[in-house]
Amino acid sequence: MELQKGKRHQWTLFKIREDIPKKWYFTGVSAAFILLLLIWILLSNLKLVDEVFLPTPAAVVASFLAALSSPEYWGEIGISVYRVFMGFLLACLLGIPLGILAGTFKLAESVILPVSEFIRYMPAAAFIPLIMVWAGIGETAKILVIFIGSFFQLVLMVADDTNRIHKDLLYASYTLGANRWQVISKVIIPAMLPKLMTTMRLIMGWAWTYLVVAELVAANNGLGYSIMKAQRFMDTESIFVGIIVIGLLGLIIDRCFAYVNKKLFPWAEGGN
């Protein structure tokens, strides 16, 4: 009996798209990070990879703690967070209304989506020379790189979120006497908000990936700049520290989005 129960429990861990106990989920997360750390320790401590290319975890931790004890490094973090959030907010302010418009009206879709589809395949780094001509080499240029990298993806994803709203909701609102604006403001936007939060969460992740690209634009501060400066001096520990700090900041922001989504929309799949 106990054997059969154990087999049933083991089988539930591998059911397609089924929830598993939290302890098993966190066991999987812990195992993945521990395995990655063990591989790193073996490769670096056994000198299978030269320490110039792969420093030991202990050296990276020491460099990490030294960086966090420096007020200057916190300044680098602050300026990078500012650039990411400004580029992200600008993309949201312009991209969300355009995405809703494209997902609501076919005429708007014909104007907005083909252009967005075309430009989104262009790497943001390719726009750097133009951005430097248009906006110079100040903060505006760096924010624009992050904006361009996020904006067109956001428009397409918001349009898709809007299109996913079932037409039965629209027909029901028309039956109840709603006009066009009421359908948009009272039905479409509230219905898409959980998915919109998930989309914004994904776009924020992309905004962080464009940070280093943005800070290639004649930067003299920021996390991306510190990584590029460390690369010139073959300071691999500092490169690892910069990458880890960016990853941690992104993870913290991602978890904040997930928490807010879960609190605001606990009934929705995107709130999990």
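Every value quoted in this text rests on a predicted model; they were computed, and no experiment measured them.

**Student:** Whenever I open this one, the overall build of the protein chain confuses me. Can you help?
**Tutor:** From N to C terminus, the protein chain includes 12 helices and 0 strands. Along the protein chain, helices (α) and strands (β) appear in the sequence α-α-α-α-α-α-α-α-α-α-α-α when read from the amino end. Compactness check: the protein chain gives a C-alpha radius of gyration of 23 Å against a globular reference of 19 Å for 272 residues, more than 25% above the reference. Seen through its C-alpha atoms, the protein chain measures out along the principal axes to roughly 75 × 70 × 30 Å. Of all 272 residues assigned to the protein chain, the portion counted as buried reaches 37%. Long-range contacts, defined here as pairs at least 24 residues apart, represent 71% of the contacts in the protein chain between residues at least 6 apart. Split by element, the accessible area of the protein chain, about 17000 Å² in all, is 70% carbon and sulfur. Positive and negative side-chain charges of the protein chain, numbering 23 and 18 respectively, have mean locations separated by a distance of 9 Å.

**Student:** Any chance you could explain the packing of helix α4 (residues 71-104) against helix α11 (residues 223-232) here in plain terms?
**Tutor:** In a packed pair of helices, the relevant descriptors are the angle between the two axes and the axis-to-axis distance. At a closest axis distance of 7 Å, the pairing of α4 and α11 adopts a crossing angle of 125°. If you check the angle between α4 and α11, you find them oblique. Contacts between α4 and α11 involve Y73, E76, I77 and S80 on the former and, on the latter, L223, G224 and S226. For the contact of α4 with α11, the residue count by class is 3 nonpolar, 3 polar and 1 charged.

**Student:** Got a minute to help me understand a nonpolar patch on the surface in this structure?
**Tutor:** Taken together, the side chains of I20, W24, Y25, F26, V29 and F33 present a nonpolar region at the surface, about 630 Å² in accessible area. Note on placement: W24 falls in helix α2 (residues 22-45).

**Student:** Just to check I follow, could you spell out the packing of aromatic side chains for this structure?
**Tutor:** The geometry of two aromatic rings is summed up by the distance between their centres and the angle between their planes. For the structure shown, the criterion picks out 5 aromatic pairs. Taking the centre distance of 5.4 Å and the plane angle of 25° together, the rings of W40 and F240 count as stacked. Of this pair, W40 sits in helix α2 while F240 sits in helix α12 (residues 236-264), placing them 200 residues apart in sequence. Taking the relative accessible area as the measure of exposure, W40 reaches 19% and is therefore buried. Pairing F88 with F257 gives two aromatic rings, centres 6.1 Å apart and planes at 80°, and the pair type is edge-to-face. One end of the pair, F88, is in helix α4; the other, F257, is in helix α12, with 169 residues separating them in the sequence. When sorted by exposure, F88 lands in the same class as F257, which is buried.

**Student:** What should I look at first to understand unusual backbone geometry in this one?
**Tutor:** Non-glycine residue M234 carries a positive phi angle of around 55°. Checked against the element boundaries, M234 lands in the loop between α11 and α12.

**Student:** Whenever I open this one, the environment of V49 confuses me. Can you help?
**Tutor:** Within the element layout of this structure, V49 appears in the loop between α2 and α3 (57-68). Distance from V49 to T236, taken between C-alpha atoms, is 13 Å for residues 187 residues apart in sequence. Residue contacts for V49: discarding those within four places in its chain leaves L43 and L54.

What counts as what
- Residues numbered from 1 in each chain as written.
- Predicted model: local features only at pLDDT ≥ 70, side-chain atom pairs only at ≥ 80, totals over all residues.
- Heavy atoms only, no water.
- Helix = DSSP H or I, 4+ residues; strand = E, 2+ residues; numbered from the N terminus.
- Rg over C-alpha atoms; globule rule 2.2 N^0.38 Å.
- Buried < 20%, exposed > 50% of the residue type's maximum accessible area, 1.4 Å probe, protein only.
- Contact = heavy atoms within 4.5 Å.
- Areas by Shrake-Rupley, 256 points an atom, 1.4 Å probe, with all protein chains shown as cover.
- Lys, Arg positive; Asp, Glu negative; His and termini not counted.
- Charge placed at Lys NZ, Arg CZ, Asp CG, Glu CD.
- Axes fitted to C-alpha atoms, helices over the stretch in contact; angles between N-to-C directions.
- Parallel < 35°, antiparallel > 145°, perpendicular 65-115°, else oblique.
- Nonpolar A, V, L, I, M, F, W, Y, C, P; charged D, E, K, R; others polar.
- Patch = residues over 30% accessible without salt bridge, like charges linked within 9 Å, V, L, I, M, F, W, Y side chains within 5 Å.
- Salt bridge = Lys/Arg side-chain N within 4 Å of Asp/Glu carboxyl O.
- Phe/Tyr/Trp six-rings, centres within 6.5 Å; stacked < 30°, edge-to-face > 60°.

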